[in-house]
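Chain by chain, the residues run as shown.
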Amino acid sequence: MDQANPFETPRTYSLHRAEYLVAFAVTTGLIVAHLGDIRWLPAVGLFLYIDLIGYIPGAVAFKKAGGRPIAKGYYVAYNVMHSLITQGAVAALWCWLVKPEWALLVLPFHLFGDRGLFGNFMKSFALPFEPVRQTGYLRLLDDLGLAHPKPLGHTFDPVPVGHVRPVHRPSVRGEAAPEPVLPGVSR
């Protein structure tokens, strides 16, 4: 989900990121090998547009919201723009409308770098836009006897809840379960 709550064990999460680091290294090698063949203006534009559309608006909204949930559209924009499928379609369209070229290497370079270097994967509506340690994940690690990941150091500590309100499940006896009390959330 994100680097603070991968919902994998820390070891499998590291292995998951390592796969993207290998792809990032291959992409970096290809960029270095074809440094003189890359048109840099389109390359920089292709690299930046992913975050200009898919990340920066959501990050600004998250900061302005002060830890409150933000619109789902920011999540959708992030996930669409940071999808290998979307960027593969962009590259195919670019090849068809412009021309195949080495500048397109920045698309996988960006995505593999985000996942491998920074641990940024798709965003879930159930979590805040920026990574915030979730108490449920920390309890899971406790149950597994594993160390907690290091805190991420936001300027504020948002309530660890995204857009999905907790589901009210009936208890075993068929009685209504009490509504969970969330810190910082008024009713």
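Everything quoted here is computed from the prediction, not taken from an experiment.

**A closer look at the packing of helix α2 (residues 40-54) against helix α5 (residues 84-97)**
Here's step 1: At a minimum axis distance of 12 Å, the contact between α2 and α5 shows a crossing angle of 150 degrees. Comparing their axes, α5 and α2 come out roughly antiparallel. In this structure, the crossing between α2 and α5 has a hand that is right-handed. Seen from α2, the contacting residues are P42, L46, Y49 and I50; seen from α5, they are Q87, V90 and W94.

**Digging into the packing of aromatic side chains**
Here's step 1: For the structure on display, the rule yields 10 aromatic pairs.
Here's step 2: These aromatic residues form a ring-pair network of at least three members: Y55, Y75, Y78, F125 and F129.
Here's step 3: Across from the ring centre of F125, 5.2 Å away, lies the NZ or CZ of K72, which sits over that ring.

**So, the nonpolar core**
Here's step 1: Membership of the largest hydrophobic core comes to 14 residues, with the highest contact counts inside it found for I38, A43, L46, Y49, I50, L104 and L107.
Here's step 2: Of all the secondary-structure elements, those providing two or more residues to this core are α2 and α6 (106-116).
Here's step 3: Top contributing element to this core by residue count: α2, with four residues.
Here's step 4: Contact partners of A43, with chain neighbours within four places excluded, come to I38, A103 and V106.
Here's step 5: Counting nine residues, the second-largest nonpolar core is a separate cluster that includes A59, F62, I70 and Y75.

**Examining the environment of Y137**
Here's step 1: Inspection of the secondary structure assignment puts Y137 in helix α7 (residues 135-144).
Here's step 2: Overall, Y137 belongs to the buried group, its relative accessible area being 1%.

**Some words on a nonpolar patch on the surface**
Here's step 1: Where nonpolar side chains cluster on the molecular surface, the patch consists of L35, W40, V44, L48, L52, I53, I56 and V60 and spans about 720 Å² of accessible area.
Here's step 2: If you list the elements that add at least two residues to the nonpolar patch, you get α2 and α3 (56-65).
Here's step 3: Here the nonpolar patch gets five residues from one element, more than from any other, and that element is α2.
Here's step 4: Here V60 lies in helix α3.
Here's step 5: A relative accessible area of 41% means that V60 is categorised as partly exposed.

**Structural notes on the confidence of the model for the chain**
Here's step 1: Per-chain confidence: the chain averages 83 in pLDDT, with 76% of residues scoring 70 or above.
Here's step 2: The model gives residues 161-167 a pLDDT under 50, and that stretch makes 23 contacts with residues more than four places away or in other chains.
Here's step 3: Below a pLDDT of 50 lies the segment residues 180-187, which in the model reaches 14 contacts outside its immediate sequence neighbourhood of four places, other chains included.

**Describing the side chain of R115**
Here's step 1: Within the fold, R115 resides in helix α6.
Here's step 2: In this structure R115 is buried but unpaired, with D114 as the nearest side chain of opposite charge at 7.1 Å.
Here's step 3: Sequence-distant contacts of R115, defined by excluding residues within four places in its chain, comprise R17, Y20, H82, S83, L84, N120, F121 and M122.

**Section: the environment of G88**
Here's step 1: Structurally, the position occupied by G88 is in helix α5.
Here's step 2: With relative accessibility at 38%, the residue G88 sits in the partly exposed group.
Here's step 3: Residues G88 and P108, spaced 20 residues apart in sequence, show a C-alpha to C-alpha distance of 8.6 Å.

The rules behind each value
- Residues numbered from 1 in each chain as written.
- Predicted model: local features only at pLDDT ≥ 70, side-chain atom pairs only at ≥ 80, totals over all residues.
- Heavy atoms only, no water.
- Axes fitted to C-alpha atoms, helices over the stretch in contact; angles between N-to-C directions.
- Helix = DSSP H or I, 4+ residues; strand = E, 2+ residues; numbered from the N terminus.
- Parallel < 35°, antiparallel > 145°, perpendicular 65-115°, else oblique.
- Left-handed = near helix turned anticlockwise from the far one by under 90°.
- Contact = heavy atoms within 4.5 Å.
- Phe/Tyr/Trp six-rings, centres within 6.5 Å; stacked < 30°, edge-to-face > 60°.
- Lys NZ or Arg CZ within 6 Å of the ring centre and 35° of its normal.
- Core = buried A, V, L, I, M, F, W, Y, C linked by side-chain atoms within 4.5 Å.
- Buried < 20%, exposed > 50% of the residue type's maximum accessible area, 1.4 Å probe, protein only.
- Patch = residues over 30% accessible without salt bridge, like charges linked within 9 Å, V, L, I, M, F, W, Y side chains within 5 Å.
- Areas by Shrake-Rupley, 256 points an atom, 1.4 Å probe, with all protein chains shown as cover.
- Salt bridge = Lys/Arg side-chain N within 4 Å of Asp/Glu carboxyl O.
- pLDDT = per-residue confidence, 0-100.
- Lys, Arg positive; Asp, Glu negative; His and termini not counted.

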